[in-house]
Amino acid sequence: MNLNPRHTQLLDEVRTSGPQTIEALAERFGVTLQTVRRDVQRLAEAGLLSRFHGGVRLPGSTTENIAYRQRQAMSSEAKTCIARAVARRVPNGCSLIMNIGTTIEAVAHELRHHRGLRVITNNLHIASLMSTHPDCEVIVAGGQVRSADQGIVGEATVDFMRQFKVDIGLIGISGIEGDGTLRDFDYREVKVARTIVEQSREVWLAADHSKFNRPAMVELARLDDIDVLFTDQPPPPPFDELMALGNVECVLCVADPDIH
């Protein structure tokens, strides 16, 4: 589905504050109960929310991510904003590893005018996109292709990534918990991402505001393992303090006027 601004705000409210009643959401957004019920119905049909008697909550658990196509539609403006900010910081002529995730795919799209890049990836969407750039060398990892999102995972992928030492490791994440852990859902994907962190001179994390306080099962790294975080809103407490303690640069990505 195409999310309108109220849909996005409603999702953010449930992510931030937890399960909500229909009445509370109607009061929060100044709309009728019927309007909220209609919004909730559409979001539930898209798999983005789960209904219970009189209210709504997030559908996800700590063990399973939202489907790929649904993640593509979520926070699309924020992802574009983040992707443009990341692309502005990537110098021509550098080497990158880019992992799995819709935000990282958005970055690949914004790198199309860069020159002299060498990109290593375990994401077939990124490989397909970047390989059309005339001045970009693309190296695709071996391993098992995950049918849900065309990500490449497994021990063979880990071994492949260990061959390289790159300027920038660019990673996405499913959730950042309040203790500073970066988490994801598939342990095979996480093992690859850990290797990317180890094999990168700098580690950049691209994550929109919905990832803060979102639980997931498998620990990937900690905030202080990251050099730069690109996000679209100021991180809430305690993440601002954790980043200060870990000497993590936070780049706030303001919307460009032509993203519409």
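This report concerns the structure included in the present document. These numbers were taken from a predicted model, which means no experiment stands behind them.

Definitions and limits used
Every chain is numbered on its own, with residues counted from 1 as its sequence reads. Whole-chain, interface and lining totals are the exception, using all residues; otherwise, since this is a predicted model, local features are given only for residues with pLDDT of at least 70 and side-chain atom pairs are given and counted only at 80 or more. Working from all heavy atoms in the structure, the side-chain values ignore hydrogens and water. Helix and strand assignments follow DSSP, with helices taken as H or I runs no shorter than four residues and strands as E runs no shorter than two, numbered in order from the N terminus. Categorising residues by exposure relies on relative accessible area from a 1.4 Å probe, with only protein chains included: less than 20% of the type maximum marks a residue as buried, more than 50% marks it as exposed, and the intermediate range marks it as partly exposed. Should DSSP find at least two bridges between two strands, the strands are regarded as paired. Angles shown run from 0 to 180 degrees and are taken between the N-to-C directions of axes, each axis being a line fitted to C-alpha atoms and, for helices, limited to the stretch in contact. Residues are treated as being in contact if the distance between any of their heavy atoms lies within 4.5 Å. Here the angle decides the label: under 35 degrees means roughly parallel, over 145 means roughly antiparallel, 65 to 115 means roughly perpendicular, and every other value means oblique. Charged residues are taken to be Asp, Glu, Lys and Arg, nonpolar residues to be Ala, Val, Leu, Ile, Met, Phe, Trp, Tyr, Cys and Pro, and polar residues to be all remaining types, Gly included. The term polar contact refers here to a pair of N or O atoms within 3.5 Å; inside protein, the definition further demands a hydrogen-donor-capable atom paired with an acceptor-capable atom, and it admits residues adjacent in sequence only when both atoms are side-chain atoms. Here, the term nonpolar core denotes a set of buried Ala, Val, Leu, Ile, Met, Phe, Trp, Tyr and Cys residues that are joined through side-chain atoms within 4.5 Å.

Concerning unusual backbone geometry
With an omega dihedral of 5°, the bond running from P237 to P238 counts as a cis peptide bond. As for its placement among the helices and strands, P238 is situated in the loop between β14 (228-231) and α10 (239-245). With phi around 65°, Q150 is a residue other than glycine that occupies positive phi space. Structurally, Q150 is set in the loop between β7 (144-146) and β8 (151-153). Here Q150 falls in the partly exposed class, since its relative accessible area comes to 28%. A positive phi angle, close to 55°, is found at N247, a residue other than glycine. Relative to the helices and strands, N247 resides in the loop between α10 and β15 (249-252). Judged by relative accessible area, N247 falls into the exposed class, the value being 68%.

Notes on the sheet that holds strand β6 (residues 136-140)
The parallel open sheet is built from seven strands, whose spatial order is β6-β5-β4-β9-β12-β14-β15. The outermost strands of the open sheet, each flanked by one partner alone, are β6 and β15. Averaged over all adjacent pairs, the angle separating strand axes in this sheet is 20°, with direction ignored. Strand direction decides the pairing type here: strand β5 (residues 117-121) and β6, joined by five bridges, are parallel. Residue pairing for β6: T121 is matched across the bridge by V140. Its contacts with the sheet put helix α5 (residues 76-89) on β9 (166-171), β12 (200-206), β14 and β15, and the angle it makes with β14 is roughly 145°. The strands touched by helix α9 (residues 187-198) are β4 (95-98), β9 and β12; relative to β12, the strand with the most contacts, the crossing angle is about 130°.

Digging into the packing of helix α2 (residues 22-29) against helix α3 (residues 33-45)
In contact at an axis separation of 9 Å, α2 and α3 are set at 110° when each is read in the N-to-C sense. When the axis of α2 is compared with that of α3, the two are roughly perpendicular. Of the residues in α3, those touching α2 at I22, E23, L25 and A26 are L33, V36, R37 and V40. Taken together, the residues that form the contact of α2 with α3 break down as six nonpolar, no polar and two charged.

A few points about the side chain of H114
When you line up the elements, H114 lands in the loop between α6 (102-110) and β5. The buried category is assigned to H114, whose relative accessible area is 15%. Separated by 3.0 Å, the side chain of H114 and the backbone oxygen of A87 make a polar contact. The residues contacting H114, other than those within four sequence positions of it, are A87, V90, P91, N92 and D135.

A short note on the nonpolar core
With 30 residues, the main nonpolar core has I171, I176, L182, L205 and L220 as its most contacted residues. Of all the secondary structure elements, the ones that give two or more residues to this core are α8 (155-161), β9, α9, β12, β13 (218-222) and α10. Top element by residues in this core is α9. It accounts for five residues. Once residues within four sequence positions are removed from consideration, L205 is found in contact with I171, G172, I173, I176, L182, I226, V228, L229 and F230. Of all hydrophobic cores here, the second largest spans 28 residues; its members include C81, V90, L170 and W204.

Side note on the environment of L111
Among the secondary structure elements, L111 is positioned in the loop between α6 and β5. By relative accessible area, which is 0% here, L111 ends up buried. Along the sequence, L111 and L220 sit 109 residues apart, while their C-alpha atoms lie 26 Å from each other.

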